[in-house]
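Chain by chain, the residues:
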2 protein chains.
Amino acid sequence: MLYAVIMAGGSGTRLWPLSRRHYPKQALKLIGERTMFQHSVDRLAPLFSPERVKVGTNATLAAALRDQVPDLPEKNFILEPTGRNSAPAAGLAAIYLLHEDPDAMMVMLTADHYITDTQGFRDALETAAEVAADGTIVTLGVRPTQPSTGYGYIRLGAGEQLVNGFRVYESAGFVEKPDAETAAQFVDSGRYTWNSGMFVWRADRLMAEIEAQMPELYRGLSQIAAGLGTPQEADVLRSVWAEIPSVSIDYGIMEHADRVSVIPVDFGWSDIGNWDSLLDVLMADEDGNVVIGDAVTLDAHGNLLRSDGRLVALIGLDDVIVVDTPDVVLVCAKDRAEAVRDLVRRLEAAGKEQYL
Amino acid sequence: MLYAVIMAGGSGTRLWPLSRRHYPKQALKLIGERTMFQHSVDRLAPLFSPERVKVGTNATLAAALRDQVPDLPEKNFILEPTGRNSAPAAGLAAIYLLHEDPDAMMVMLTADHYITDTQGFRDALETAAEVAADGTIVTLGVRPTQPSTGYGYIRLGAGEQLVNGFRVYESAGFVEKPDAETAAQFVDSGRYTWNSGMFVWRADRLMAEIEAQMPELYRGLSQIAAGLGTPQEADVLRSVWAEIPSVSIDYGIMEHADRVSVIPVDFGWSDIGNWDSLLDVLMADEDGNVVIGDAVTLDAHGNLLRSDGRLVALIGLDDVIVVDTPDVVLVCAKDRAEAVRDLVRRLEAAGKEQYL
């Protein structure tokens with residue numbers, strides 16, 4: 001059986017001050033009237049019954065997420081005691097799935113992507129599941145629309161085949177975020193896709209890779225698996241998890257995994273990771289300004305202005321992001337959107353808990 | 001007897017969104033814990049008893065101003081029915097003064113100047129009053145510290161004399177705000193001062209100039225003067241004032257007045273007309289940022305950040321003004337500070353009364 005696992009554990013400090021420790025980006029209505037998390041669940045609906053949509057998150061965030069998707073069974077929320085990055089999170093989801101279905105196939109998704117062609121997205125997932133049925137690890141690689149330095153890339157290898165109209169390639173390797181020159185070469189070559197973080201695999205196949213590449217994680221997960229359904233389940237999870245190191249799925253598993261395929265896709269995918277990325281997705285006015293809420297501008301172009309109820313007035317500035325919240329206003333150069341994370345760290349260091 | 005008249009009728013739209021229609025700039029605590037209006041009254045105290053400090057304003061603003069200076073007698077507030085610019089305002093003050101003292105001498109000041117050397121300021125006023133006693137119209141000209149295009153200039157003429165250590169010149173003409181090149185020539189020549197808008201004259205001498213240069217205003221003021229102290233006083237003022245045209249004292253009187261002298265002064269004068277001007281007066285941190293309230297910056301220099309209680313976070317921007325108020329946040333390029341007035345007009349045109 002095919003299951004979807006939406007990873008929704010991050011807090012999204014780059015979308016501060018709208019996102020906060022206890023109000024993560026998955027709870028934000030950044031695009032339209034649905035949250036990013038609701039969009040993620042919505043677009044799975046035609047392909048997955050609610051029983052087969054799982055959510056990987058943590059206890060702090062779970063309540064807010066559950067309220068957003070009342071149709072999902074409460075037991076479908078897989079709660080990490082604390083965040084340990086994506087490799088442990090994927091492994092934890094795999095043992096939960098295997099506990100209820102030894103033949104489980106797993107689609108791993110995130111809650112911070114925006115996709116315009118949702119039917120194309122579901123078609124790609126179905127095709128990826130077909131390819132993954134024999135034990136291949138399948139990753140969806142997004143065809144680059146620009147030489148972004150904000151994403152990792154996957155090099156397309158040999159072995160091209162056509163499945164349901166999708167070209168399927170062997171992966172020739174995962175590459176971390178490149179510099180601008182390298183990114184331009186990648187895009188020009190036509191042999192690279194963005195690493196979207198969307199994967200499809202048999203759960204037992206993932207566990208085999210974890211056993212081979214991350215034996216310590218494998219031992220921990222095996223202990224947790226043995227405790228599932230017993231009175232000790234929560235205690236075992238908590239004690240094991242305290243010792244698990246944080247490792248990303250790309251670094252810990254994908255870069256050296258056997259039999260990895262890539263399906264290049266083109267369904268209007270955007271990673272809504274920072275404020276700048278919203279400018280690519282939302283509709284701008286005739287001055288190139290994206291306005292959410294009430295704003296007035298004078299000689300201002302290419303700006304993102306977002307407010308909850310107050311008036312934002314902007315004069316004589318281009319390519320600026322203004323995000324207004326009840327207790328904080330952020331004003332940020334568009335090309336410094338990634339630095340919002342650094343500013344949040346600075347507030348943390350200064351002990352300004354009330355703004356985190 | 002020497003009287004001071006502080007003109008405090010303007011609303012100061014260039015200091016929006018802190019200044020509002022019913023909360024004018026004279027009510028703002030822009031520098032320290034006293035308002036601009038209080039600073040203006042405070043620095044007169046050693047030289048003028050409260051009875052001899054008059055305030056020219058209008059009915060809308062009077063209550064807020066009176067609350068700020070409880071020591072001034074209520075009758076010292078001269079209320080224009082509506083704003084008619086500085087020439088009619090000066091004339092109205094003159095006839096009130098003449099009504100109580102036919103020998104009145106009048107110092108005309110504004111409420112939006114900041115002065116660091118207040119003793120030097122008072123010394124200059126006393127000297128100007130000495131010079132003005134014979135009927136000379138005296139203006140205080142500020143020695144330029146930069147080739148500003150934001151002020152009018154006064155050309156120093158011949159007839160230099162020394163009074164109490166101050167050099168006194170004949171005026172060789174008032175010049176409206178120059179372009180940058182002309183301003184630089186003015187400053188290089190050493191023969192120009194800024195027109196500060198501070199004047200000293202005998203009240204009857206001002207009336208004579210009004211009679212000669214603005215006969216229509218003179219007739220109106222004479223009617224008002226005739227009504228002073230009668231039951232018709234308020235009615236006459238209202239009906240006459242409705243017909244009075246708006247004219248500035250510079251344009252209507254000073255440019256063609258007889259026997260005008262200039263005393264160059266250097267007592268740390270700043271015109272706090274817009275947000276940019278505050279950057280010259282307030283103390284900056286090591287990054288050149290002036291912060292009033294709570295702010296955090298990252299790679300940001302030369303900015304003015306002002307908030308009432310909320311946190312302003314600024315990343316990767318230089319020379320920007322951020323003014324945060326409970327219902328509006330203004331973000332403005334520093335060199336566009338004058339355009340705040342245009343933005344307020346745009347809000348007016350759009351009927352956004354709640355923000356005016």
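Residues numbered from 1 in each chain as written. Chains lettered and ligands numbered in written order. Predicted model: local features only at pLDDT ≥ 70, side-chain atom pairs only at ≥ 80, totals over all residues. Heavy atoms only, no water.

### Description of unusual backbone geometry
Pro17 of chain A follows Trp16 of chain A through a cis peptide bond whose omega is 10°. One can find Pro17 of chain A in the loop between β1 (2–7) and α1 (36–42). For Asp299 of chain A, which is not glycine, the phi torsion reads 50° and is therefore positive. Relative to the assigned elements, Asp299 of chain A resides in the loop between β13 (290–298) and β14 (304–315). Since its relative accessible area comes to 44%, Asp299 of chain A is described here as partly exposed. Phi angles above zero are rare outside glycine, and Asp319 of chain B is one such case at about 55°. (Helix = DSSP H or I, 4+ residues; strand = E, 2+ residues; numbered from the N terminus. Buried < 20%, exposed > 50% of the residue type's maximum accessible area, 1.4 Å probe, protein only.)

### Overview of the packing of aromatic side chains
Throughout the structure, instances matching the rule amount to 14 aromatic pairs over all chains. Ring centres of Phe199 of chain A and Trp201 of chain A lie 5.4 Å apart, and the angle between their planes is 10°; this geometry places the pair in the stacked category. As far as burial versus exposure is concerned, Phe199 of chain A and Trp201 of chain A are alike and both buried. Ring geometry for Phe186 of chain B versus Tyr192 of chain B: centroids 3.9 Å apart, planes at 10°, classification stacked. In this structure Phe186 of chain B comes out as buried when scored by relative accessible area, which is 8%. By way of ring pairs, the aromatic residues Tyr151, Trp194 and Trp269 of chain A are connected into one cluster. The ring of Phe121 of chain A is capped by Arg43 of chain A, whose NZ or CZ atom sits 5.7 Å from the centre of that ring. (Phe/Tyr/Trp six-rings, centres within 6.5 Å; stacked < 30°, edge-to-face > 60°. Lys NZ or Arg CZ within 6 Å of the ring centre and 35° of its normal.)

### Some points on the relation of the copies chain A and chain B
Its rotation angle being 179°, the transformation that places chain A on chain B also includes 0.0 Å of axial translation and leaves an RMSD of 0.1 Å. Look at the turn and shift together and you get a two-fold axis relating the two. When the interface residues of chain A are mapped onto chain B, 100% of them are again interface residues, pointing to one common binding face. (Least-squares fit on C-alpha atoms with pLDDT ≥ 70 in both. Contact = heavy atoms within 4.5 Å.)

### Details of the interface of chain A and chain B
For interface size, the figure often reported is the accessible area lost on association. Contacts between the two partners involve 36 residues from chain A, matched on the other side by 36 residues from chain B. Taken over both partners, the interface formed by chain A and chain B buries close to 3000 Å², and the fraction arising from carbon and sulfur atoms is 62%. Taken together, the links from chain A to chain B amount to six salt bridges. In this structure, Arg336 of chain B and Asp299 of chain A form a salt bridge, with 2.8 Å as the shortest nitrogen-oxygen distance. Across the chain A-chain B interface, the total number found is 26 residue pairs in polar contact (both at pLDDT 80 or more). When residues of the side of chain A that touches chain B are traced back to their parent elements, those giving at least two are β13, β14, β15 (320–324), β16 (328–333) and α11 (340–349) of chain A. Ranked by residue count, the leading element in the side of chain A that touches chain B is β14 of chain A, at seven residues. (Buried area = accessible area lost by both parts, 1.4 Å probe. Salt bridge = Lys/Arg side-chain N within 4 Å of Asp/Glu carboxyl O. Polar contact = N/O pair within 3.5 Å; in protein donor to acceptor, adjacent residues only side chain to side chain.)

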